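Listed below are the residues making up each chain.
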Amino acid sequence: MDNYGIRNISNNVLNFKYDKYYRNLCIALKQDISKDEKNKISNKSKLELANLLKNIDIDENVLKNDFVNLLLDKNSAKLLWILYSKYDGNYNYIDIISDTLKGENKVERGGTNTYKINGWMTHTLYAYQITNYNIAKNIELENFNGSKESKKQIEELYKIYNMLDETALFILKVFCLIHDIGVIDDIGLHDVLGMKFVEKVLSEIGVTEERLKTYNLSLNEFIKIQKAIIKYHTLITSLSSEGSDEYVQNNFKDLISNISDERIKKQIPKILFLMAYGDIIAVDESLMNIEKYERTKEGYLFFEEIINNKEHKRNKEKVAIERICDTAGRIEFEVLKNNLDSILNSNKINKHTFIENMFNIKAMRYTGPLMKTLNDTNLCIKIYNELFELISALKSEDALKEYKILFVPDKHENEFVKEFKNGNFFKCIEIMKKTREDECIYGKTKLIFGTDQDGKYLHIKII
């Protein structure tokens, strides 16, 4: 089979379980081993894939000219895996197609992240596959090993997928492929920074004015849509997690205000939901349990209510507990609900104040990977409460609605955990309350109050 400049595609190559293969590779790379050992694993993998794809021949010029058609193919996810796994010298064919995607793939991340440790594009292509193959065709996920709950989720998402028109489906495919391009500049701000790469990457993959005539869209409108959904692609998972209801609602309204086409605007909640499901799992399958799925679905329904001008009011205690469960992980809602009073009492935390603060804090970023690494719900709650009290003490009791708490992700999560457990983090807060300065360093912990393009923030850094 020859397609899009890719020649000699056998059924064995096309139907190879790339998702399972790359999971096993990434798990091997995540082990606590030396850099030399990791290089050996990576080199061995490249040899295995080279052998699998030895008969594949790729015409680079034809591929570049026909890449958009490849994305429209029913087997686009499989074809992208082939391009990613096939090398010409030091670069795979995704690298060759796009300098932007090549830059993304140079970024690696470990910790809770499984698929990003091999290079970010492993994560991206797995997210693309889940959304545009597994959901699109109602095919269970290989790496969930026959999970009935996973099958049920895929089936439900398949029905939502089939509600999208052809234009929305094309937007979704491109979105899945380029959603994380901002990591080239900064992992912590990758959603916002991704916008500046959109025009370049669309040009590289061949999205043109002529091509978009099929969907009755101008290139300028398509660029605006991709910028808007990339900027806010993590928003749907922020509800009942890292973002307050007010923050999520305001940002979603800003997102749709940037889309003039009403037929697309109405489909944005579905596009975000479908991509988010793949995006979460493509960090690690363990993150998508029943409760996480329901919280993500609640975000989707929240957006649908906004689109349809329906009122929505949520229980503050339920939301607060959900936010802790989502970020801390490894604890179910009912378990934490039953134990919350005891945890708060042991830490001498006022329940009413804590619930209000947990509900009102504007946003928290990179708490999920960090608190799951910490793996201590009691300590997680204490950390949150100390940060809430710091903002209230130095700014005002109402200031939480204005502040984003960001654990700056330029150090491994374990480095933060050390500072929590040796007390440096808490000592830094204590000093800051006394000095009332906007910046403080104690041990390796650095706390900074400031303002950026998204408003007021409190950054926690490890130096």
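Above this text you will find the structure in question.
Bear in mind that the values here come from a model prediction, so they are computed numbers and not experimental data.

J.: Help me out: how do you make sense of the packing of aromatic side chains in this one?
T.: Given two aromatic rings, their pairing is described by the distance between the two centres and the angle made by the two planes. According to the stated counting rule, one finds 21 aromatic pairs in the structure shown. Ring centres of Phe252 and Phe303 lie 4.2 Å apart, and the angle between their planes is 5 degrees; on these two criteria the pair is classed as stacked. You can see Phe252 sitting in helix H15 (residues 245-257) and its partner Phe303 sitting in helix H18 (residues 290-307), a full 51 residues away along the chain. Comparing Phe252 with Phe303 shows no difference in burial state: the two are buried. Taken together, the ring pairs connect Phe16, Tyr18, Tyr21, Tyr22, Trp81 and Tyr84 into an aromatic cluster. Cation over ring: Lys102 sits above Tyr91, and NZ or CZ is 4.6 Å from the ring centre. The ring of Phe426 has Lys382 lying over it, and the distance from NZ or CZ to the ring centre is 4.6 Å.

J.: Can you walk me through the packing of helix H8 (residues 120-137) against helix H9 (residues 148-161) in this structure?
T.: What describes two packed helices is the angle between their axes and the distance between those same axes. Running from amino to carboxyl end, H8 crosses H9 at an angle of 100 degrees, the nearest separation of the two axes being 7 Å. By the angle between their axes, H8 is roughly perpendicular relative to H9. Here Thr131, Asn134, Ile135, Ala136 and Lys137 of H8 lie close against H9, whose contacting residues are Ile154, Leu157, Tyr158 and Tyr161. Class assignment of the residues belonging to the contact of H8 with H9 gives a composition of six nonpolar, two polar and one charged.

J.: Would you take a moment to explain the pairing of strand S8 (residues 445-452) for this structure?
T.: Side chains on a regular strand alternate between the two faces of the sheet. For S8, the tally of buried residues reaches six of eight residues, placing the bulk of the element in the interior. Bridge count between strand S7 (residues 439-442) and S8: four bridges; the pairing is antiparallel. In the strand pairing of S8, Cys440 is matched with Leu447. One ladder, built from eight bridges, connects S8 with strand S9 (residues 455-462); its direction is antiparallel. Bridging from a neighbouring strand, Lys446 pairs with Lys461 of S9. Counting the residues in the hairpin turn of S8 and S9 gives two residues.

J.: I'm lost on the sheet that holds S9 in this one. Help?
T.: Picture the strands of a sheet paired through backbone hydrogen bonds; they go either parallel or antiparallel. Here we have five strands laid out as an open sheet, ordered S5-S6-S9-S8-S7, and mixed in their pairing. If you trace the sheet from one side to the other, it starts and ends with strand S5 (363-365) and S7, each paired once. Averaged over all pairs of adjacent strands, the angle between their axes in this sheet comes to 20 degrees, without regard to strand direction. Two elements, strand S6 (residues 403-407) and S9, share five bridges in a ladder whose sense is parallel. Looking at S9, one finds that Ile405 is bridged to Leu458. Against the sheet, helix H23 (residues 377-394) touches S5, S6, S8 and S9, its axis set at about 135 degrees to S6.

J.: I tried to follow helix H25 (residues 424-435) on my own but got confused; where do I start?
T.: Counted at 1.5 Å a residue, the expected span for H25 with its 12 residues is 16 Å, and the 16 Å between its end C-alpha atoms agrees. If you check which residues of H25 are buried, you get Asn424, Phe425, Phe426, Cys428, Ile429 and Met432. Among the residues trailing H25, Arg436 stands out with phi positive, at a value near 60 degrees.

J.: Looking at this structure, how should I read the environment of Leu458?
T.: Its place among the elements puts Leu458 in strand S9. Considering only alpha carbons, one finds Leu458 and Leu447, 11 residues apart in sequence, at a separation of 7.0 Å. When neighbours within four sequence positions are excluded, Leu458 is seen to be in contact with Leu387, Leu390, Ile391, Tyr403, Lys404, Ile405, Leu406, Leu447, Ile448 and Phe449.

J.: What is the right way to look at the side chain of Asn424 in this model?
T.: Locating Asn424 in the fold gives a position in helix H25. When its relative accessible area of 16% is taken as the criterion, Asn424 is described as buried. Not counting the four nearest positions on each side in its chain, Asn424 is found in contact with Glu419, Tyr442, Gly443, Lys444 and Thr445.

The rules we used
Residues numbered from 1 in each chain as written. Predicted model: local features only at pLDDT ≥ 70, side-chain atom pairs only at ≥ 80, totals over all residues. Heavy atoms only, no water. Phe/Tyr/Trp six-rings, centres within 6.5 Å; stacked < 30°, edge-to-face > 60°. Helix = DSSP H or I, 4+ residues; strand = E, 2+ residues; numbered from the N terminus. Buried < 20%, exposed > 50% of the residue type's maximum accessible area, 1.4 Å probe, protein only. Lys NZ or Arg CZ within 6 Å of the ring centre and 35° of its normal. Axes fitted to C-alpha atoms, helices over the stretch in contact; angles between N-to-C directions. Parallel < 35°, antiparallel > 145°, perpendicular 65-115°, else oblique. Contact = heavy atoms within 4.5 Å. Nonpolar A, V, L, I, M, F, W, Y, C, P; charged D, E, K, R; others polar. Pairing = 2+ DSSP bridges. Expected span 1.5 Å × (residues − 1).

Any functional reading would require information that these geometric values do not contain.
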